[in-house]
Amino acid sequence: MNKSYLKLIVLMVGLSNSACVSLPDKPTDAMVLSKINALAIQAQSCLDSEYQRSEDCLSFARQYKKSGFESMELFKDRLAAIFKEDPDEGLKATEQIIIIGNAVVFLAPT
């Protein structure tokens, strides 16, 4: 086999392995907190609009359906570890969960 082909194959295998290794199997606490924060910002914008069919509320609803509930579940599963590592961040995220919950209730049909 030609040496240049061998080098190319080794390079391709190395790149594919490094790409696989760089993505975590499980979300980290920072990733979970970041997703909760982003969703809470959208939720607060929705609540501030005071109109269920506003673009902010529609955007929040789409994001909540897409991955918001999953993010909240991940937070719940990691809650003890997050509070142990950084109580302030845990408290902030808990407050953000309340904002998200308020927006969900606001959007619920009456």
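Here's a quick rundown of the structure. (Residues numbered from 1 in each chain as written. Predicted model: local features only at pLDDT ≥ 70, side-chain atom pairs only at ≥ 80, totals over all residues. Heavy atoms only, no water.)

Let us now look at the overall build of the chain. If you tally the helices and strands in the chain, you get four helices and zero strands. Its helices and strands in sequence order give the chain the pattern α-α-α-α, from N to C terminus. Counting all 110 residues of the chain, 21% fall into the buried class. When contacts within the chain are restricted to residue pairs at least 6 apart in sequence, long-range pairs at least 24 apart make up 68% of them. Taken as a whole, the chain presents about 8000 Å² of accessible surface, with 61% of it coming from carbon and sulfur. (Helix = DSSP H or I, 4+ residues; strand = E, 2+ residues; numbered from the N terminus. Buried < 20%, exposed > 50% of the residue type's maximum accessible area, 1.4 Å probe, protein only. Contact = heavy atoms within 4.5 Å. Areas by Shrake-Rupley, 256 points an atom, 1.4 Å probe, with all protein chains shown as cover.)

Before going further, it helps to spend a moment on the pattern of salt bridges. All told, the structure shown has three salt bridges when counted by the stated rule. The salt bridge involving R62 is made with E55; its shortest N-O contact spans 3.0 Å. Residue E55 is classed as exposed on the basis of its relative accessible area of 52%. (Salt bridge = Lys/Arg side-chain N within 4 Å of Asp/Glu carboxyl O.)

This brings us to the nonpolar core. In terms of nonpolar packing, the biggest core is built from 17 residues, with I36, F60, Y64, M72, F75 and I100 touching the most fellow members. Counting residues per element, the ones that place at least two in this core are α2 (29-49), α3 (55-85) and α4 (87-107). Per-element accounting of this core gives the leading share, seven residues, to α2. Sequence-distant contacts of Y64, defined by excluding residues within four places in its chain, comprise L39, F69, M72, I100 and V104. (Core = buried A, V, L, I, M, F, W, Y, C linked by side-chain atoms within 4.5 Å.)

The contact between α2 and α4 brings their axes to 8 Å, and the two run at 40 degrees. Regarding the angle of α2 to α4, the classification is oblique. In this structure, α2 crosses over α4, and the sense of that crossing is left-handed. Of the residues in α4, those in contact with L33, I36, N37, L39, A40, A43, Q44, C46 and L47 of α2 are E89, K92, A93, Q96, I97, I99, I100, N102, A103, F106 and L107. (Axes fitted to C-alpha atoms, helices over the stretch in contact; angles between N-to-C directions. Parallel < 35°, antiparallel > 145°, perpendicular 65-115°, else oblique. Left-handed = near helix turned anticlockwise from the far one by under 90°.)

Viewed as axis vectors pointing N to C, α2 and α3 meet at an angle of 140 degrees, and their least axial separation amounts to 7 Å. On the basis of their axis angle, the class for α2 and α3 is oblique. For α2 against α3, the interelement crossing comes out left-handed. Tallied by class, residues from the contact of α2 with α3 come to 14 nonpolar, seven polar and five charged. (Nonpolar A, V, L, I, M, F, W, Y, C, P; charged D, E, K, R; others polar.)

Glancing now at the packing of aromatic side chains. In total, this model carries two aromatic pairs according to the counting rule given. Centroid distance F60 to Y64: 5.9 Å. Interplanar angle 35 degrees. Geometry classified as tilted. One end of the pair, F60, and the other, Y64, are both in helix α3, four residues apart, so they sit about a helical turn from each other. The buried category is assigned to F60, whose relative accessible area is 1%. Ring centres of Y64 and F69 lie 6.4 Å apart, and the angle between their planes is 75 degrees; this geometry places the pair in the edge-to-face category. One aromatic cluster is present, formed by F60, Y64 and F69 through successive ring pairs. (Phe/Tyr/Trp six-rings, centres within 6.5 Å; stacked < 30°, edge-to-face > 60°.)

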